[in-house]
Amino acid sequence: QIQLVESGGGLVQAGGSLRLSCAASGSDFRANDMGWYRQAPGKQRELVAAMTSGGAMTYADSVKGRFTISRDNAKNTLYLQMNRLKPEDTALYYCNCRVPWSGRDYWGQGTQVTVSS
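Since we're looking at a predicted model, the values are computed, not measured.

Caption draft 1: Broad picture of the pairing of strand E3 (residues 18-25). Relative to E3, strand E1 (residues 3-7) is paired through 5 bridges, and the arrangement is antiparallel. Paired with Leu4 across the two strands is Ala24, which belongs to E3.

Spelled out as structure tokens, the structure:
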């Protein structure tokens, strides 16, 4: 069973930065595709950034140039560096793991990011 634990969320002023972490266990981390999603109140969950096991990255248009996804396979950890934060980035941020051979998704419990104007 894959377990994902997010950390690093918090309250920050607009223009500030946060770094989210996702510690993974229970699988071969380096073989899995990983990503960050977010869900704001009253809105659907959306992809923020993703990175395949091979290192290919995808970003939502709204965060391009501000957010950077990275992974440390030795530490089984996924990161999301968020710079120049905006109030519209306020959401619950979830870590996602997709096992390529099965297509099954696993989710963390989420970490809250709140950006004040």
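What follows picks up the thread again.
Caption draft 2: Representation of the pattern of salt bridges. Scanning the model with the defined rule gives 5 salt bridges in all. Between Lys64 and Asp61 there is a salt bridge whose closest N-O contact spans 3.1 Å. The class for Asp61 is exposed, based on a relative accessible area of 65%. Asp105 is the partner of Arg98 in a salt bridge, and the nearest nitrogen-oxygen pair spans 2.8 Å.

Caption draft 3: Just the packing of aromatic side chains, in detail. Applying the stated rule across the entire model yields 2 aromatic pairs. An angle of 70° between the planes, with centres 5.0 Å apart, marks the rings of Tyr37 and Trp107 as edge-to-face. Placement of Tyr37 in strand E4 (residues 33-39) and of Trp107 in strand E10 (residues 104-107) is noted, with a sequence separation of 70 residues between them. Overall, the relative accessible area of 35% leaves Trp107 in the partly exposed class. Relative to Trp107, the ring of Tyr94 lies with its centre 6.4 Å away and its plane at 90°, an arrangement referred to as edge-to-face. In this pair, Tyr94 sits in strand E9 (residues 91-99) while Trp107 sits in strand E10, placing the two residues 13 residues apart along the sequence. Tyr94 gets classed as buried once you look at its relative accessible area, which sits at 11%. Aromatic ring contacts, followed pair by pair, group Tyr37, Tyr94 and Trp107 into a single cluster. Taking the ring centre of Tyr79 as reference, the NZ or CZ of Arg19 above it sits at 4.0 Å. Above the ring of Tyr94, the side-chain terminus of Arg45 is found at 3.8 Å from the ring centroid.

Caption draft 4: Quick look at the state of the cysteines. Tallied over the full model, the rule gives 1 disulfide. Bridging Cys22 to Cys95, the disulfide has an S-S length of 2.1 Å. Across the S-S bond of Cys22 and Cys95 the torsion is about -80°, and the bridge reads as left-handed. Of this pair, Cys22 sits in strand E3 while Cys95 sits in strand E9; the two residues are 73 residues apart in sequence, bridging distant segments of the chain. For the pair formed by Cys22 and Cys95, the shared burial category is buried.

Reading the values: rules and limits
Residues numbered from 1 in each chain as written. Predicted model: local features only at pLDDT ≥ 70, side-chain atom pairs only at ≥ 80, totals over all residues. Heavy atoms only, no water. Pairing = 2+ DSSP bridges. Helix = DSSP H or I, 4+ residues; strand = E, 2+ residues; numbered from the N terminus. Salt bridge = Lys/Arg side-chain N within 4 Å of Asp/Glu carboxyl O. Buried < 20%, exposed > 50% of the residue type's maximum accessible area, 1.4 Å probe, protein only. Phe/Tyr/Trp six-rings, centres within 6.5 Å; stacked < 30°, edge-to-face > 60°. Lys NZ or Arg CZ within 6 Å of the ring centre and 35° of its normal. Disulfide = S-S within 2.5 Å.

The quantities given are spatial measurements derived from coordinates; they are silent on function.
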